[in-house]
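Summary of the model geometry
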Amino acid sequence: MYILGIESSCDDTSAAVISEEGLLSNVIASQKVHEMYGGVVPELASRAHQENIVPVVAEALRQAGITKQQLSAIAFTRGPGLLGSLLVGTSFAKGLSIALDIPLVDVNHLHGHVLSHFIRKQPDDEVPEFPFICLLISGGNSQIVLARSERDMEILGKTIDDAAGEAFDKCAKLLGLPYPGGPHIDRLAAEGDSEKFKFAKPHIPGLDYSFSGLKTSFLYTLRDALKEDPEFIEKNRADLAASLQKTIIDILLDKLGKAVKEHPVKHLAIGGGVSANSGVRKAVKEFCDKRGIKAWIPERAFTTDNAAMVAQAGYFKLLDKEYCPLDAPPYSRVSI
Ligand code: KG4
């Protein structure tokens, strides 16, 4: 069985092929066009997907060493995401499934991130055991998910305002760093003092997150300090990055601690773009080691939006023969 995965929910066009043996290819075309605007421009993203999708799928098939006629099924991201971007992947997947007369399965992008830990490179690669908790942190989401099975997932807590990635990106912008700022903060934080500055942490009940107060606190710290010293940012950039990263990690782990108390699990995973952050990866590993929990830290290639996770999530739906009708529209918003 060969499954083609297609991902086009935001600004990465990706295609991947998996078989029962594991991953055969995972091709990602990132869109540089958004950098100069300091964020993703939806219309430009859709156009770039249209340009990229055919060559990206062709390359994924080539790297997998198969022809399109050998495909058994197509899995595509149906949502959540930018509607125009999703339409490109959805329409392409539908067209190809009609042309090849093979089944189509729709995948919830968030399920994909959680199930990215099931992507096998070798048939005997280990995978997480259910139930496990997944901290899903990206530019659009910050959620604590309880995965009871491949299909049964529950959101235990989520952000009530900004996502963790937005906190990284918006604060990075205030420091004059390019978009997306998360990786730049990560790099700078390695050279800075994470205790030098203190920023506000939210006090909200339950397992929900909030990052908008941190952003405001960061902004006010800069505003006040710049009045005293116009070169404050240049002189303190690494320390500001390190302190910001530490605060975000503290906020993430505080709720994660509560989550594992309320839902004791033996395995814990992270996923989404922010799970590429070196500080987050280290802190989650330590958090798990301290509690005797097995930590699942994804390969960096599977942290960002990728079609391998879509193909993997689609594989589980295919096993249940849960196909997608051809008139199914993409959805911009949907829960896990
Ligand atoms: O999952 P993702 O690729 O897509 C969206 O949700 O859009 O996540 C992108 C987010 C951005 O906010 C980016 O700054 C952040 O992930 N990110 C990072 C790192 N790499 C990507 N944040 C902190 N440290 C990183 N190394």
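Quick note: structure is the one above.
Below is a short write-up of the structure. In every chain, residue numbers begin from 1 and rise along the written sequence. In keeping with the model being predicted, local features are shown solely for residues with a pLDDT of at least 70 and side-chain atom pairs are shown and tallied solely at 80 or more, while totals for entire chains, interfaces and linings include all residues. Heavy atoms throughout the structure, all of them, feed into the side-chain values; hydrogens and water do not.

**A few points about a positive patch on the surface**
Convention followed: A patch consists of residues whose relative accessible area exceeds 30% and which take part in no salt bridge; residues with like charges are grouped when within 9 Å of each other, and nonpolar side chains (Val, Leu, Ile, Met, Phe, Trp, Tyr) when within 5 Å. Accessible surface is estimated by sampling points in the Shrake-Rupley manner with a 1.4 Å probe; for residues, cover comes only from the protein chains shown. The salt bridge criterion pairs a side-chain nitrogen of Lys or Arg with a carboxyl oxygen of Asp or Glu, the two atoms within 4 Å. Neither His nor the chain ends is counted toward charge; the positive residues are Lys and Arg and the negative residues Asp and Glu. Note on charges: their place is set at NZ of Lys, CZ of Arg, CG of Asp or CD of Glu. Runs of E in the DSSP output that reach at least two residues are strands. Runs of H or I that reach at least four are helices, and both are numbered from the N terminus.
Taken together, Lys 258, Lys 261, Lys 290 and Arg 291 make up a surface patch of like positive charges. For the positive patch, the elements supplying multiple residues, two or more each, are α7 (232-262) and α8 (278-291). As for its placement among the helices and strands, Arg 291 is situated in helix α8.

**Quick look at the pattern of salt bridges**
Under the convention used in this document: To sort residues, take the accessible area from a 1.4 Å probe on protein chains only and compare it with the maximum for the residue type: under 20% means buried, over 50% means exposed, and anything in between is partly exposed.
Inspection of every chain in the model, using the stated rule, returns 24 salt bridges. Note that Lys 170 and Glu 166 form a salt bridge whose closest N and O atoms lie 3.4 Å from each other. A residue pair is termed a helical-turn pair when its members lie 3 or 4 positions apart in one helix, as Lys 170 and Glu 166 do in helix α4 (residues 164-174) at 4 residues. Judged by relative accessible area, Lys 170 falls into the partly exposed class, the value being 33%. In this structure, the salt-bridge partner of Asp 250 is Lys 246, at a minimum N-O distance of 2.9 Å. Residue Asp 250 and its partner Lys 246 are both found in helix α7; the two are separated by 4 residues, about one turn of the helix. With relative accessibility at 24%, the residue Asp 250 sits in the partly exposed group.

**Side note on unusual backbone geometry**
Residue Phe 130 is joined to Pro 131 through a cis peptide bond whose omega torsion reads -10°. Take Pro 131: it is sitting in the loop between α3 (109-115) and β6 (132-137). Following Tyr 179, the chain continues into Pro 180 via a peptide bond in cis, with omega recorded as -10°. Locating Pro 180 in the fold gives a position in the loop between α4 and α5 (182-189).

**Section: the sheet that holds strand β9 (residues 267-271)**
What holds strands together in a sheet is hydrogen bonding between their backbones, with the strands either parallel or antiparallel. Put simply, the rule is: Any two strands with at least two DSSP-identified bridges between them are counted as paired. As a rule, the C-alpha atoms of each element are fitted with a line to give its axis, helices using only the stretch in contact, and angles between N-to-C directions run from 0 to 180 degrees. Contact definition: two residues touch when any of their heavy atoms are within 4.5 Å.
Spatially, the 5 strands line up as an open sheet ordered β8-β7-β6-β9-β10, and their pairing is mixed. Bordering the open sheet on either side are β8 (153-158) and β10 (294-296), each of which pairs with just one other strand. Neighbouring strand axes in the sheet, compared pairwise and without regard to direction, differ in orientation by 20° on average. Pairing of β6 with β9, which is carried by 5 bridges, proceeds in the parallel orientation. Counted as the bridge partner of Cys 134 is Ala 269 from β9. Of the strands in this sheet, β6, β7 (142-147) and β9 are in contact with α7, which crosses β6 at around 160°.

**Structural notes on α8**
Quick note on the threshold: To estimate the expected span of a helix, subtract one from its residue number and multiply by 1.5 Å. Here a polar contact means two N or O atoms within 3.5 Å. Within protein one must be a hydrogen donor candidate and the other an acceptor candidate, and residues neighboring in sequence count only if both atoms are side-chain atoms.
In this model α8 runs 20 Å from its N-terminal to its C-terminal C-alpha over 14 residues, within 8% of the 20 Å that 1.5 Å per residue would give. For α8, the complete set of buried residues consists of Gly 279, Val 280, Arg 281, Ala 283, Val 284, Phe 287 and Cys 288. In the core, the buried residues of α8 are packed alongside β6, α5, α7, β9 and β10. If you check the start of α8, you find a side-chain oxygen 3.0 Å away from the backbone N of Gly 279, and it comes from Asn 277. One or two positions beyond α8, positive phi appears at Gly 292, with a value near 65°.

**Some thoughts on the packing of aromatic side chains**
Remark: the centre distance and the inter-plane angle together describe each pair of aromatic rings, the angle taken between the planes. This is how the line gets drawn: Any Phe, Tyr or Trp ring, taking Trp's six-membered ring, that has another such ring centre within 6.5 Å forms a pair; planes under 30 degrees apart are called stacked, those over 60 apart edge-to-face, and the others tilted.
Scanning all chains against the criterion turns up 8 aromatic pairs. Here the aromatic rings of Phe 118 and Phe 316 are separated by 5.8 Å at their centres, their planes lie at 90°, and the arrangement is edge-to-face. Within this pair, whereas Phe 118 is found in the loop between α3 and β6, its partner Phe 316 is found in helix α9 (residues 307-319), the two being separated by 198 residues in sequence. With respect to class, Phe 118 is no different from Phe 316; both count as buried. Each residue in the set Phe 118, Phe 130, Phe 132, Tyr 315 and Phe 316 is aromatic and connected to the rest through ring pairs, giving one cluster.

**Focus on the site of the ligand**
How we decide: A cutoff of 4 Å decides nearness: a residue is near a molecule or strand if any of its heavy atoms lies inside that distance of it. Each residue receives one of three labels: charged for Asp, Glu, Lys and Arg, nonpolar for Ala, Val, Leu, Ile, Met, Phe, Trp, Tyr, Cys and Pro, and polar for the others, Gly being one of them.
Around the ligand there are 17 residues in total, and Gly 139, Asp 169, Asp 186, Gly 273 and Asn 277 lie nearest to it. One nitrogen or oxygen atom from the main chain of Gly 139 is found 3.0 Å from an oxygen atom belonging to the ligand. Taking Gly 182, its main chain carries an N or O atom lying 3.2 Å from an oxygen atom of the ligand. Contact with the protein chains covers 85% of the free accessible surface of the ligand, which is 550 Å². Elements represented by at least two residues in the shell around the ligand include exactly α4 and α5. Counted by class, the shell around the ligand contains 5 nonpolar, 9 polar and 3 charged residues.

**Things to note about a nonpolar patch on the surface**
A contiguous nonpolar patch, built from Val 33, Met 36 and Tyr 37 and spanning about 330 Å² of accessible area, is present on the exposed surface. As for its placement among the helices and strands, Met 36 is situated in the loop between β3 (22-30) and α1 (42-64).

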